[in-house]
Amino acid sequence: MTGNRCKVLGYNVDLLTFNEAINFVLNKISNNEWLHIVTINPEIIAAADKNKELEKIIKSSELVLPESSGIKKALNFKGIKQEQIPGIDFAKELIHRCADLKYSIALIGAKEHVITKTIENLKKEYPALNIVYSHNGYYENENIIIDKLAETAPRLILCALGAPKQEIFINNCKNKIESGIFIGIGGSFDVWAGEVKRAPKIFQKTGLEWLYRTIKQPSRIKRIYKTLPMFLFRAIMESARK
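Residues numbered from 1 in each chain as written. Predicted model: local features only at pLDDT ≥ 70, side-chain atom pairs only at ≥ 80, totals over all residues. Heavy atoms only, no water.

So, the pattern of salt bridges
Considering all chains together, one arrives at twelve salt bridges under this definition. For the salt bridge of Lys 92 with Glu 125, the shortest nitrogen-to-oxygen distance reads 3.1 Å. Of this pair, Lys 92 sits in helix H5 (residues 87-101) while Glu 125 is found in helix H6 (residues 112-125), placing the two residues 33 residues apart along the sequence. Among the ionic contacts, a cluster of salt bridges with common partners joins Lys 52, Glu 55 and Lys 59. (Salt bridge = Lys/Arg side-chain N within 4 Å of Asp/Glu carboxyl O. Helix = DSSP H or I, 4+ residues; strand = E, 2+ residues; numbered from the N terminus.)

Set out below in structure tokens:
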């Protein structure tokens with residue numbers, strides 16, 4: 001916890017700039033501490049409202065980043081100016097820093113060919129990167145993976161399992177692994193592997209990356225339609241009560 005937080009619909013959000021958040025995490029890495037980073041968005045909040053285990057995990061997480069434009073807008077309703085911190089960008093910067101500082105990392109998630117290509121591309125971009133362990137997201141016994149993480153002791157663990165699976169997996173690591181920076185980053189490996197094209201910069205800068213993904217994946221429309229309008233309505237009502 002950074003000490004500078006605000007609640008959005010009962011969920012903590014840390015109020016930091018991108019660089020402040022990076023420095024906060026690097027300090028934790030250098031001290032070999034435990035840290036669970038949640039990249040929060042309206043869909044995760046909607047899921048947590050229906051899943052007590054997920055709700056508890058998010059509310060106990062040490063760092064919660066405002067990943068989406070929806071969270072940024074909810075903070076704006078409260079009069080708080082906060083930049084959006086996309087998980088994929090934040091994780092990529094951490095990878096960059098870990099390569100420079102010789103910190104080891106691990107990758108968990110996605111299909112086997114996706115994680116293989118992700119590792120290949122990351123090593124091309126950061127030749128000094130030390131990936132000590134990786135495993136795809138299709139497994140029957142997570143304890144085998146957790147034991148391997150405990151054995152290899154990576155400083156940064158990127159979990160691309162999708163919510164809520166990645167948050168629950170990270171929480172299950174908590175009692176078995178003494179230190180490490182864990183972050184759930186959804187479908188980021190698919191982007192880094194070149195399987196999925198990320199939204200153009202104009203969509204990213206205007207906070208409309210979700211719209212681009214919806215255009216490219218029409219199957220998302222129903223989920224977004226059910227989640228985003230209600231989230232914004234609840235956020236407006238919450239700010240009006242203050």
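Still more to cover.
A short note on the packing of helix H3 (residues 52-60) against helix H8 (residues 165-173)
Helix packing geometry: the angle between the two helix axes and the distance between the axes. At their nearest, the axes of H3 and H8 sit 10 Å apart, and the two run at 65° to each other. H8 is crossed by H3, and the crossing has left-handed handedness. Contact with H3, carried on its side by Glu 53, Leu 54 and Ile 57, involves Glu 167, Ile 168 and Asn 171 of H8 and no other residues of that element. A breakdown of the residues in the contact of H3 with H8 according to their chemical character gives three nonpolar, one polar and two charged. (Axes fitted to C-alpha atoms, helices over the stretch in contact; angles between N-to-C directions. Left-handed = near helix turned anticlockwise from the far one by under 90°. Contact = heavy atoms within 4.5 Å. Nonpolar A, V, L, I, M, F, W, Y, C, P; charged D, E, K, R; others polar.)

Topic: the environment of Val 25
Structurally, Val 25 is set in helix H1 (residues 18-30). Val 25 sits 69 residues away from Leu 94 along the chain, and the two C-alpha atoms are 8.4 Å apart. Here Val 25 is in contact with Leu 35, Ile 37, Leu 63, Phe 90, Leu 94 and Ile 181, once residues within four sequence places are set aside.

Observations concerning the side chain of Asp 14
Here Asp 14 lies in strand E2 (residues 11-14). Residue classification places Asp 14 among the buried positions, given a relative accessible area of 0%. Polar side-chain contacts of Asp 14 include one of 2.9 Å to the side chain of Arg 5. (Buried < 20%, exposed > 50% of the residue type's maximum accessible area, 1.4 Å probe, protein only. Polar contact = N/O pair within 3.5 Å; in protein donor to acceptor, adjacent residues only side chain to side chain.)

Considering a nonpolar patch on the surface
A surface patch of nonpolar side chains, amounting to about 310 Å² of accessible area, comprises Met 230, Phe 233 and Met 237. Along the polypeptide, Phe 233 turns up in helix H12 (residues 221-241). Given a relative accessible area of 49%, Phe 233 falls into the partly exposed group. (Patch = residues over 30% accessible without salt bridge, like charges linked within 9 Å, V, L, I, M, F, W, Y side chains within 5 Å. Areas by Shrake-Rupley, 256 points an atom, 1.4 Å probe, with all protein chains shown as cover.)

A word on the packing of helix H2 (residues 42-50) against H3
At a closest axis distance of 5 Å, the pairing of H2 and H3 adopts a crossing angle of 125°. Relative to H3, the element H2 is oriented oblique. Seen from above, H2 lies across H3 with left-handed handedness. Residue-level inspection shows Ile 44, Ala 47, Ala 48 and Lys 50 of H2 in contact with H3, the latter providing Lys 52, Leu 54, Glu 55 and Ile 58. Taken together, the residues that form the contact of H2 with H3 break down as five nonpolar, no polar and three charged. (Parallel < 35°, antiparallel > 145°, perpendicular 65-115°, else oblique.)

With respect to the pairing of strand E1 (residues 5-8)
The side chains of a regular strand alternate, residue by residue, between the two faces of the sheet. Residue alternation in E1 divides its side chains into a buried set, Cys 6 and Val 8, and an unburied set, Arg 5 and Lys 7. Linking E1 back to E2 in an antiparallel pair, the connection comprises two residues, with Leu 9 at a positive phi of about 55°. (Pairing = 2+ DSSP bridges.)

A word on the layout of surface pockets
Put simply, the second largest pocket is a space of about 280 Å³. What lines the second largest pocket is a set of 13 residues, and nearest its centre among them are Pro 42, Ala 46, Lys 50, Lys 226 and Thr 227. Of all elements in the fold, only H2 and H12 reach the threshold of two or more residues within the lining of the second largest pocket. A breakdown of the residues in the lining of the second largest pocket according to their chemical character gives six nonpolar, one polar and six charged. (1 Å grid on protein atoms, 1.4 Å probe; cavity = no way out; pocket = protein on both sides within 12 Å on 5 of 7 lines; lining within 4 Å. Points joined across faces, edges and corners; volume = space filled by probe spheres on them.)

Section: the pairing of strand E8 (residues 180-184)
With five of its five residues buried, E8 lies for the most part within the structure. Pairing of strand E3 (residues 34-40) with E8, which is carried by four bridges, proceeds in the parallel orientation. Bridge pairing in E8 places Trp 34 opposite Gly 180. As judged from the four bridges shared by strand E7 (residues 156-160) and E8, these two strands associate in the parallel manner. What sits directly across from Leu 156, in E8, is Ile 181. In this fold, E7 hands off to H8, which returns the chain to E8; that crossover is right-handed. (Right-handed = clockwise from strand over helix to strand, strands pointing away.)

What about the nonpolar core?
In this structure, Val 25, Ile 37, Phe 90, Leu 107, Leu 158, Phe 189 and Trp 192 are the most contacted members of the largest nonpolar core, which totals 40 residues. Sequence-distant contacts of Leu 107, defined by excluding residues within four places in its chain, comprise Ile 115, Thr 118, Ile 119, Leu 122, Ile 131, Tyr 133, Ser 134, His 135, Leu 158 and Phe 189. Ranked by size, the runner-up nonpolar core spans 20 residues in total, among them Leu 9, Val 38, Ile 45 and Ala 74. (Core = buried A, V, L, I, M, F, W, Y, C linked by side-chain atoms within 4.5 Å.)

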